[in-house]
Amino acid sequence: MLQALMNLLSLCWRPLEGNENNNNNRVNNNPRGGGDFVRDGLVWSKDIGRCSSGEFSMAVVQANQVLEDQSQIESGPPFGTFVGVYDGHGGPEAARYVCDHLFRHFRDVSSEGRGVVTAESIKQAFLETERGFTALVSDIWNTRPNLATVGSCCLVGVISQQTLFVANLGDSRVVLGKKVGNTGGTAAIQLSTEHNANLEEVRHELKELHPNDPQIVVQKHGVWRVKGIIQVSRSIGDVYMKHAQYNREPIQAKFRLCEPMNMPILTATPSILCHPLQPNDSFLIFASDGLWEHLSNENAVDIVQRHPHTGSAKRLVKAALQEAARKREMRYSDLRRIDQRVRRHFHDDITVVVLFLNHDLISRGIMQEPPLSLRSALEHR
């Protein structure tokens, strides 16, 4: 555990190399294969790559002083393809911890089941990751108590045995681009369930779980929040909202509840969907909520299907940034010149992974050799 803590802290304190003006730099942050990312200002991207399920494109743009998004693709025997998008809040530590541990737990649990992927095995991996992060908070409570207030949304897609499993905590989203008959059109189908208090069904769920708490959801400045503090109702981390022993001094007063916590308010149990893949399922867009704040499902699918595969993720990021600039009545070129931290007033960190499905590879069960292991932003600061 001490070694894990040292690794975590070294990641958090490593300075950002280069600056906004060092465009088109190559960033090799993947010692286990998958190739380099290209940096263009605050955008890092990999235009095209290959995995066991087809081709993929990845991109991330930084807005916070320290990037809080993480993502990864893992592909190879025996499970198939694993895609993860982790949107941190309150700091980068939880998202980085998830990127380090969630796939490992999934791999270990799947190995125990001889490589058979189930909704239950994915759920176990999520809960094991939650237990590990909670243990880390406990170990360093006396020196870094505010780690208890850091959390991460988690969106995972697993393709195994011609089935797509989607597991989600929080408000990241995966959208399927599905070809419509012989029309040449592509429909946008959202596959993930989101957990954000701004959604009426989420508020209803919280009220049912906490019938004796009239303040379980509170609207502040037009935004619904759980206990008036946080928007998402499910996450990894945020242990101050799950365990009473961490909701006390010395964490910051804005996180401390006035009334006793008799049961966890947030949960790390994901919503899981199992989708048998069909020949007309064309591609999947996995993205943190920073993308969906500016693009609708239909707009994102239209952008992907109208262009070549290469550079798809970066194209979506650019479209979101252009829309963010338009909303502020400014030019996209001016937005690009704004530095991180200040940039957060215009848009969030945005992570996008586009996976183009190759049904021949998927149906034949051909695995990536050597296995692919790629992280989009672990070394980006």
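See the structure shown above.
No experiment lies behind these values; they were computed from the predicted model shown.

Focus on unusual backbone geometry
- A cis geometry characterises the amide bond from proline 77 onward to proline 78, with omega recorded as 0°.
- Locating proline 78 in the fold gives a position in the loop between β5 (69–76) and β6 (80–89).
- Looking along the chain, the bond that leaves glutamate 249 and enters proline 250 is cis, with omega of 10°.
- Within the fold, proline 250 resides in the loop between β13 (236–237) and β14 (271–276).
- Despite not being glycine, glutamine 162 has its phi angle at roughly 60°, a positive value.
- Unusually for a residue other than glycine, glutamate 329 sits at a positive phi of about 55°.
- Structurally, glutamate 329 is set in the loop between α7 (312–327) and α8 (332–336).
- For glutamate 329, a relative accessible area of 76% puts it in the exposed group.

Details of the packing of aromatic side chains
- According to the stated counting rule, one finds nine aromatic pairs in the structure shown.
- Ring geometry for phenylalanine 79 and phenylalanine 106: centres 5.7 Å apart, planes at 80°, overall edge-to-face. In this pair, phenylalanine 79 is assigned in the loop between β5 and β6 and phenylalanine 106 in helix α2 (residues 93–112), connecting sequence segments 27 residues apart. As far as the burial class goes, phenylalanine 79 and phenylalanine 106 line up, both buried.
- An aromatic cluster of three or more residues is present, and its members are Phe79, Phe82, Phe103 and Phe106.
- Sitting over the face of the ring of phenylalanine 346, arginine 328 holds its NZ or CZ atom 4.8 Å from the ring centroid.

What to know about helix α6 (residues 297–305)
- Among all positions in α6, only Asn297, Ala300, Val301, Ile303 and Val304 are buried. Summarising the axial view, the buried residues of α6 lie within an arc of 160°, below the 170-degree limit, and thus occupy one face.
- Elements that come into contact with the buried residues of α6 comprise β9 (173–180), β10 (185–190), β15 (281–287), α5 (289–292), α7 and β16 (350–357).

Reading the values: the criteria
- By convention here, each chain's residues receive numbers from 1 onward along its written sequence.
- Reporting in this predicted model follows two pLDDT cut-offs: at least 70 for local features of residues, and 80 or more for side-chain atom pairs to be given and counted; totals over whole chains, interfaces and linings ignore these cut-offs and use all residues.
- By convention in this description, side-chain values take in all heavy atoms of the structure and omit both hydrogens and water.
- Runs of E in the DSSP output that reach at least two residues are strands. Runs of H or I that reach at least four are helices, and both are numbered from the N terminus.
- Partly exposed describes any residue whose relative accessible area lies between the buried limit of under 20% and the exposed limit of over 50%, with all areas from a 1.4 Å probe on protein chains only and scaled to the type maximum.
- Stacked, tilted and edge-to-face pairs are distinguished by plane angle, under 30 degrees for stacked and over 60 for edge-to-face with tilted covering the rest, among Phe, Tyr and Trp rings (Trp via its six-membered ring) whose centres lie within 6.5 Å.
- Either the NZ atom of lysine or the CZ atom of arginine qualifies as a charge over a ring when it sits within 6 Å of the ring centre and within 35 degrees of the ring normal.
- What the arc covers is the set of directions going from the helix axis to the C-beta atoms.
- Residues count as neighbours in contact if any of their non-hydrogen atoms are within 4.5 Å of one another.

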